[in-house]
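Coordinate inspection notes
Listed below, chain by chain, are the residues.
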Amino acid sequence: MADLLVLVHTIPPLIEVFNRLAAELLPGVRVLHVLDEPLLEQVRQRGHLAGEDARRLGAHVREAAQIGADAVLVTCSTVSPCVDAVRRQAEVPVLRIDEVMIREAIGEGRRIGVIATNRTTLEPTRQLLLAEAERTGRQIDVELVMVEGALPALLNGDGATHDRLVRQAVVSLAGRTDVVVLAQASIARVVPLLAQDVLGARVLSSPHLALDQVAQLLKKRVQDDEP
């Protein structure tokens, strides 16, 4: 029976993105999606994460476990900090979209730039970077950049405007940092538009890194099950 990966999203465009990437990077793995737009909207209106966000995310993970999921990937960076609490009680492995990206960013240098199109993603990403830096004994300086107008354009079907605004922000930030972190999976679409050898800073996005992590997890599970 094929492995089953359940992805939890908070914006619709990511369903298509991850269907395409999973077909490329996780051949033979069955993929199901949970779309919870109200979860992100609640955080936006409130302005910060709360305990009810983790409980809501936990309910999605329990549903995934009930249908036999082998892993759950939470693709929303805004609610990413809730994953640590959820995974402690989960019956299946629960992965954060940005955890590998955060680790790689810390290893790239002291000056880390963060690009986001959703304001509620900035502080959680900064906190994850600081926590990883403390864990590894590194000193970092984090610069946060909010790209106004880009996410509404994307959600309204104007991908060209989204990509132009984000690309401009990345190019500007790359000139004064060692690495640029694209804090949301939805921004990864801009990477092919960047000439990274010209930017002078490495640009990290989360989808490929996260799905590579899923592939390694599923491979290890199969190896552990072998007699």
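So, a few notes on the structure that sits alongside this text. Remember, it's a predicted structure, so these values are computed and weren't measured experimentally.

Helices and strands together make up the secondary structure of the protein, namely 10 helices and eight strands. For 227 residues, the compact-globule formula gives about 17 Å, and the C-alpha radius of gyration of the protein, at 17 Å, lands near that figure. Referenced to the eigenvectors of the C-alpha coordinate spread, the extents of the protein come out at roughly 50 × 35 × 35 Å. Buried residues in the protein amount to 50% of all 227 residues. Here the analysis covers contacts within the protein between residues at least 6 apart in sequence; of these, 71% occur between residues at least 24 apart. Put simply, the protein shows about 10,800 Å² of open surface, and 49% of that area lies on carbon and sulfur atoms. Averaged over its 25 positive side-chain charges, the protein has a centre that lies 3 Å from the centre of its 30 negative ones.

Moving on, we get to helix 6 (residues 119-136). Owing to its 3.6 residues per turn, the α-helix aligns residues three or four sequence positions apart on the same side. Taking 1.5 Å per residue, 18 residues should reach 26 Å; helix 6 reaches 27 Å between its end C-alpha atoms and fits that length. Buried within helix 6 we find T120, T121, L122, P124, T125, L128, L129, E132 and A133. Turning to helix 6, the residues buried within the fold contact helix 2 (37-46), strand 4 (94-96), helix 5 (99-106), strand 5 (111-116) and strand 6 (141-146). Following helix 6 by one or two positions, G137 has its phi on the positive side, about 70°.

This paragraph deals with the packing of helix 5 against helix 6. Closest axis-to-axis distance for the helix 5/helix 6 pair is 9 Å, and the angle between their directions is 55°. Relative to helix 6, the element helix 5 is oriented oblique. Judged by the sense of rotation from one axis to the other, the crossing of helix 5 with helix 6 is right-handed. Each of I102, R103, A105 and I106 in helix 5 lies in contact with helix 6, whose residues at this interface are T125, L128, L129, E132, A133, R135 and T136. Of the residues contributing to the contact of helix 5 with helix 6, the split by class is six nonpolar, two polar and three charged.

Ranked by internal contacts, the top residues of the largest apolar core, which has 43 residues, are L5, F18, L73, L211 and V214. Other than its neighbours up to four places away in sequence, F18 contacts L7, H9, H33, L73, T75, I97, A185, P207 and L211.

Another point: the pattern of salt bridges. Applying the stated criterion to the full structure yields 17 salt bridges. As a salt-bridge pair, D53 and R46 come within 2.7 Å of each other at their nearest N and O atoms. Exposure remark for R46: the relative accessible area of 25% places this residue in the partly exposed category. Of the charged contacts in the structure, one is a salt bridge between D98 and R96, with a shortest N-O distance of 3.2 Å. With relative accessibility at 1%, the residue D98 sits in the buried group. Taking relative accessible area as the criterion, R96 reaches 8% and is therefore assigned buried. By sharing partners, the salt bridges in this structure join D84, R87, R96, D98 and E99 into a single network.

Reading guide: rules and limits
Each chain carries its own residue numbering, running from 1 in the written order of its sequence. The predicted origin of the model limits local features to residues at a pLDDT of at least 70 and limits the giving and counting of side-chain atom pairs to 80 or more, whereas totals for whole chains, interfaces and linings rest on all residues. To obtain the side-chain values, all non-hydrogen atoms of the structure were included, while hydrogens and water were left out. Helical segments are the DSSP runs of H or I of at least four residues, strand segments are the runs of E of at least two, and each set is numbered from the N terminus. For this measure, only C-alpha atoms enter the radius of gyration; the expected value for a globule follows 2.2 Å times N^0.38, where N is the number of residues. Note on classification: 1.4 Å probe, protein chains only; a residue is buried when its accessible area is under 20% of the maximum for its type, exposed when over 50%, partly exposed between these limits. Note on contacts: a residue pair qualifies if any of its non-hydrogen atoms lie within 4.5 Å across the two residues. The Shrake-Rupley method, run with a 1.4 Å probe sphere, supplies the accessible areas, and residue values consider only the shown protein chains as cover. Charge convention: Lys and Arg are scored as positive, Asp and Glu as negative, and His as well as the terminal groups of each chain are ignored. For this purpose, a charge sits on NZ of Lys, CZ of Arg, CG of Asp or CD of Glu. In this scheme, a helix's expected span is set at 1.5 Å multiplied by one less than its residue total. Every angle, taken between N-to-C directions, lies between 0 and 180 degrees, and every axis is a line fitted to C-alpha atoms, over only the stretch in contact when it is a helix. Our angle categories are set so that under 35 degrees counts as roughly parallel, over 145 as roughly antiparallel, 65 to 115 as roughly perpendicular, and the remainder as oblique. In this scheme the crossing of two helices becomes right-handed for a clockwise turn of the near helix relative to the far one and left-handed for an anticlockwise turn of less than a right angle. Each residue is assigned to one class: nonpolar for Ala, Val, Leu, Ile, Met, Phe, Trp, Tyr, Cys and Pro, charged for Asp, Glu, Lys and Arg, and polar for all the others, Gly among them. Only buried residues count toward a nonpolar core, which is a set of Ala, Val, Leu, Ile, Met, Phe, Trp, Tyr and Cys residues joined through side-chain atoms within 4.5 Å. Here a salt bridge means any side-chain nitrogen of Lys or Arg lying within 4 Å of a carboxyl oxygen belonging to Asp or Glu.

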